[in-house]
Structures are given as C-alpha cells and as structure tokens.
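Remarks on the overall topology
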Amino acid sequence: MLLPPVSPLPDGCFRVRRAVLAIGLTLAASTLLGAPDSRAAEGGVSQLKRFIAKTPEASGRFTQSLIKEGGKAARPSTGVFAYAKPGRFRWEIQKPYEQLIVTDGTALYFYDKDLQQVTVKPVSEAMSATPAALLFGTADIDKSFRLSDDGQSGDLAWVQAVPTSKEAGFERLRIAMRGGLPVRMEVNDAFGQQTRFDFDGIDPKAPVPATQFHFTPPPGVDVVR
C-alpha cells in the first residue's frame, strides 16, 4: 500500500514505514505462533489460502525489522495489529516511536504522533496489491500475486508471492506458515533491502471490537489528503 512519503525519520524508519504502508500489513501482513498440527506437512500456499479464507478477523503482536543490504539490521519496532474482513485493518507501532495505520474499510489513516500529522487515503488506492491486502484483504489473491511454494525450513512452510502489478512498490515477499498460521513475512524492495515482520500472540477465534477500526484525528494535527 505505498503511500506518498510523509517525512523522513531517523534510523531507516522512513523505509520501514514505506514497507508497512506497502504492506502491510502488512501487511502485512501476520504473526501467529501456533502449535504445529497435521497441516504443517502441507505446502505453504495451501496453508496460506486456508488462513485467508477461514480467518475473517484476528489480532496479535508484531516485531518489524529493516534488514539493510549486507545484512545489517536497523532498530526493530514493536506493536499490535488487528483486522476484520471486509476491509478493516489496524497496525499500531508502539516502540520506539508511535505510529498508527487504521482503516474502517473506506478511508485509510496514517497518524504519526511525533510529526503531529495524519495522512488520509482512499482504501482502494492505498491497499491494492500490498502485503497487508494479501494477508488481511478481500481481493482475489491469485489476480494480485503469483504464489508458489518456496520450500520447508524445519516446521515452517514458505510461500513466495510476486505482485502482478509493477506499481506495488516491492519486488516480492515471502511468508512462513506454521500449522496453518503465518509467523513471518519478509518483504524485499528494489533497493536491496528487506523488511521482516515476526508475529505472535494471535487467536484467530477471538472477536475484534469494531472500535479498533475507528479513528478521529486528534485536535490540532495536520491532516493531509
């Protein structure tokens, strides 16, 4: 969901933010340490499609890291996320700085607390063919991405997803599935960098309150549309 740049932040945060907006969510797009079950023997694509089809809402925690060319990692960010289909999504970075991406299904809001700025975009423009749309959206993933199984690593089944649109803002991503749940997502951009998302604490059966997807810009902040 690549949005136009808002303002650069230190320590590589700008590109991390772009990856989030061009994901996720992904972004996405997802988190989920679950006990391995019989589905762990399935390929990653099969597990991913089942997760997308059978999990209409969920919430959890994430750790987000920018891996620069050469393998050097920038300072990680941590936070929480939630989604409810169709089209509602919340991605909240809590440390080391506070940022919020939230959509009610119609408009997407990106709130940077330090900058005191809210960027507003139509969901259709901001979420198309993004990591967040892949994991949490309602679009036909086979039209937006070319999916393929990408091997096994221990109890992880990897999926490679290549966007069909040249405007996606990233070259490819990989998702690790365990027991029918995504536990890691790696997004590679055209600059030789990778943004990695590790997820945990998800309960696919727990209801997500609708208030998670409501946002009103705080008084005094700049609103950019």
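Residues numbered from 1 in each chain as written. Predicted model: local features only at pLDDT ≥ 70, side-chain atom pairs only at ≥ 80, totals over all residues. Heavy atoms only, no water.

**Comments concerning the packing of aromatic side chains**
Here the structure, examined in full by the defined rule, presents ten aromatic pairs. Taken together, the ring pairs connect F62, F81, F89, W91, F197 and F199 into an aromatic cluster. Its end group placed over the ring of W158, R174 keeps NZ or CZ at 4.0 Å from the ring centre. (Phe/Tyr/Trp six-rings, centres within 6.5 Å; stacked < 30°, edge-to-face > 60°. Lys NZ or Arg CZ within 6 Å of the ring centre and 35° of its normal.)

**What about the sheet that holds strand 10 (residues 181-188)?**
Across the sheet, twelve strands lie side by side as 7-8-9-10-11-1-2-3-4-5-6-12; this open sheet has mixed pairing. Only two strands of the sheet have a single partner each, and these edge strands are strand 7 (145-153) and strand 12 (222-224). Within the sheet, the average angular offset between the axes of one strand and its neighbour, ignoring direction, is 20°. (Pairing = 2+ DSSP bridges. Helix = DSSP H or I, 4+ residues; strand = E, 2+ residues; numbered from the N terminus. Axes fitted to C-alpha atoms, helices over the stretch in contact; angles between N-to-C directions.)

**Quick look at the pattern of salt bridges**
Within this structure, the stated rule accounts for eleven salt bridges. Residues D142 and K49 are paired through a salt bridge, measuring 3.2 Å at the closest nitrogen-oxygen approach. You can see D142 sitting in helix 5 (residues 141-144) and its partner K49 sitting in helix 2 (residues 44-54), a full 93 residues away along the chain. For K49, a relative accessible area of 34% puts it in the partly exposed group. Its salt-bridge partner being R174, residue E186 comes within 3.2 Å of it at the nearest N-O pair. Here E186, found in strand 10, pairs with R174, found in strand 9 (residues 172-178); they are twelve residues apart in sequence, far enough to count as distant. One salt-bridge network, held together by shared partners, links D150, R174, R184, E186, R196 and D198. (Salt bridge = Lys/Arg side-chain N within 4 Å of Asp/Glu carboxyl O. Buried < 20%, exposed > 50% of the residue type's maximum accessible area, 1.4 Å probe, protein only.)

**Some words on unusual backbone geometry**
Of note, the bond from K85 into P86 is cis; its omega dihedral lies within 30 degrees of zero at 5°. Going from K95 to P96, the amide bond is cis rather than trans, its omega being 5°. Here P96 is to be found in the loop between strand 3 (88-95) and strand 4 (99-103). Although it is not a glycine, Q116 sits at a positive phi angle of roughly 55°.

**A look at helix 2**
Every buried residue of helix 2 is listed here: G44, V45, Q47, L48, F51 and I52. On an axial view of helix 2, the arc spanned by its buried residues comes to 165°, and they lie on one face. In helix 2, the exposed positions angled more than 90 degrees off the buried face are occupied by A53 and K54. (Arc of directions from axis to C-beta.)

**Brief notes about the confidence of the model for the chain**
Across the chain, the average pLDDT comes to 78, with 77% of residues at 70 or higher. Taken together, the stretch residues 1-40 has pLDDT below 50 and engages in 152 contacts with residues farther than four places along the chain or on a different chain. (pLDDT = per-residue confidence, 0-100. Contact = heavy atoms within 4.5 Å.)

**Some remarks on the nonpolar core**
Nonpolar side chains tend to gather and get buried jointly when the protein is soluble and globular. Of all hydrophobic cores here, the largest spans 35 residues; its most connected members are F81, W91, L134, L147, L173, I175 and M185. Formed by nine residues, the second largest nonpolar core is a distinct cluster that contains V102, A107, Y109 and V118. (Core = buried A, V, L, I, M, F, W, Y, C linked by side-chain atoms within 4.5 Å.)

**A look at the environment of F110**
Following the sequence through the fold, F110 ends up in strand 5 (residues 107-112). Exposure remark for F110: the relative accessible area of 1% places this residue in the buried category. Remark: the alpha-carbon pair of F110 and E92, spanning 18 residues in sequence, is separated by 9.8 Å.

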